[in-house]
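# Close look at the chain arrangement
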Amino acid sequence: MVKWKEQMIINAPIERVWGLFQDEQIQRIMPKVESHDLLEGENNATGAKHAQVYTEGKQQQRYIVETLSYVDEPDRKYRETAFEMGHMFKVRYAFSLEKESSQSTRFIYEGQNKGMSVTGKMMLLAGSKKAARNTVLNFMNRVKERAERES
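Residues numbered from 1 in each chain as written. Predicted model: local features only at pLDDT ≥ 70, side-chain atom pairs only at ≥ 80, totals over all residues. Heavy atoms only, no water.

## Details of the overall build of the protein
Across its full length, the protein holds four helices and seven strands. Reading the protein from its N terminus to its C terminus gives the helix and strand order β-α-α-β-β-β-β-β-β-α-α. For the C-alpha atoms alone, the extent of the protein along its principal axes is close to 50 × 35 × 25 Å. A buried classification covers 40% of the 151 residues belonging to the protein. A sequence separation of at least 24 residues applies to 50% of the contacts in the protein between residues at least 6 apart. A total of about 8,700 Å² of accessible surface is found on the protein, and carbon and sulfur atoms cover 48% of it. Across the protein, the mean location of the 24 positive side-chain charges is 8 Å away from that of the 21 negative side-chain charges. (Helix = DSSP H or I, 4+ residues; strand = E, 2+ residues; numbered from the N terminus. Buried < 20%, exposed > 50% of the residue type's maximum accessible area, 1.4 Å probe, protein only. Contact = heavy atoms within 4.5 Å. Areas by Shrake-Rupley, 256 points an atom, 1.4 Å probe, with all protein chains shown as cover. Lys, Arg positive; Asp, Glu negative; His and termini not counted. Charge placed at Lys NZ, Arg CZ, Asp CG, Glu CD.)

## Examining the confidence of the model for the protein
Scored by pLDDT, the protein has a mean of 93; 99% of the residues are at 70 or more. When pLDDT is averaged over each element of the protein, helix α1 (residues 14-19) comes out on top at 97 and helix α3 (residues 118-126) at the bottom at 85. (pLDDT = per-residue confidence, 0-100.)

## Topic: empty space enclosed by the protein
Taken as a whole, this structure holds one cavity of 30 Å³ or more when the rule is applied. The space that makes up the largest cavity amounts to roughly 80 Å³. Around the largest cavity sit 13 residues that line it, and Ile26, His36, Arg79, Thr81 and Tyr93 are the ones nearest its centre. Where the lining of the largest cavity is concerned, the elements lending two or more residues are β3 (49-56), β4 (59-72), β5 (76-85) and β6 (89-101). (1 Å grid on protein atoms, 1.4 Å probe; cavity = no way out; pocket = protein on both sides within 12 Å on 5 of 7 lines; lining within 4 Å. Points joined across faces, edges and corners; volume = space filled by probe spheres on them.)

## Section: unusual backbone geometry
Although it is not a glycine, Asn44 adopts a positive phi angle of roughly 55°. The topology assignment puts Asn44 in the loop between β2 (33-40) and β3. The class for Asn44 is buried, based on a relative accessible area of 17%. The backbone of His87 shows a phi angle near 55°, a positive value even though the residue is not glycine.

## What about the nonpolar core?
Judged by nonpolar contacts, the single largest core of 30 residues is most densely connected at Phe21, Phe107, Tyr109, Phe139 and Val143. The set of elements that each furnish at least two residues to this core consists of β1 (2-10), α1, α2 (26-29), β4, β6, β7 (104-115) and α4 (129-149). Residues in contact with Phe107, not counting those within four places in the same chain, are Glu6, Gln7, Met8, Ile10, Phe21, Phe95, Ser96, Leu97, Phe139, Met140 and Val143. (Core = buried A, V, L, I, M, F, W, Y, C linked by side-chain atoms within 4.5 Å.)

## Topic: the packing of aromatic side chains
What describes a pair of aromatic rings is the distance from one ring centre to the other and the angle between the planes of the rings. Counted under the stated rule, the structure contains 14 aromatic pairs. Between Trp18 and Tyr70 the ring centres are 5.3 Å apart and the planes differ by 45°, which places this aromatic pair in the tilted class. Linking Trp18 in helix α1 with Tyr70 in strand β4, this pair joins segments that are 52 residues apart in sequence. Classification of Trp18 as buried rests on a relative accessible area of 2%. (Phe/Tyr/Trp six-rings, centres within 6.5 Å; stacked < 30°, edge-to-face > 60°.)

## Points about the sheet that holds β3
Taken together, seven strands build an open sheet; the order of strands is β1-β7-β6-β5-β4-β3-β2 and the sheet is antiparallel. What marks the edges here is a single partner per strand, and that holds for β1 and β2. Here the strands of the sheet are splayed against their neighbours by 20° on average, with no regard to which way each runs. Taken together, the eight bridges between β3 and β4 define a ladder with antiparallel strand orientation. Its bridge partner lying in β4, Glu56 is registered against Gln59. (Pairing = 2+ DSSP bridges. Axes fitted to C-alpha atoms, helices over the stretch in contact; angles between N-to-C directions.)

Quick look at the structure:
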């Protein structure tokens, strides 16, 4: 199993940062997501299920993303999602936003990838921890850049 938890301060109001995590905007921070179509429930709500298509190089993955938790309070925002990828990995991740000031937000990104099959477990064991951390930090920096640029 691979776990991560990273945090950073974004120099933008919490509502602007949170806007990037809404279902209608998800491709702005996840450009490899080609589609994100609602199947069940309501967008931006606990219990929502979306069919998502993700392309990495020439390989395309399709999976169902479920919103496990969704909290939208003035000083705290939280979204937790999970999906299974190719019957090999179970992925869970959460985005937390905490209001630091009127113009700054603490962004916390945590999650885990768990192998579901022997192949999936072996792939996670063989993977580079440095590369996995770089993927997480690259994502967080993309969120930071988008939120700060829109000021």
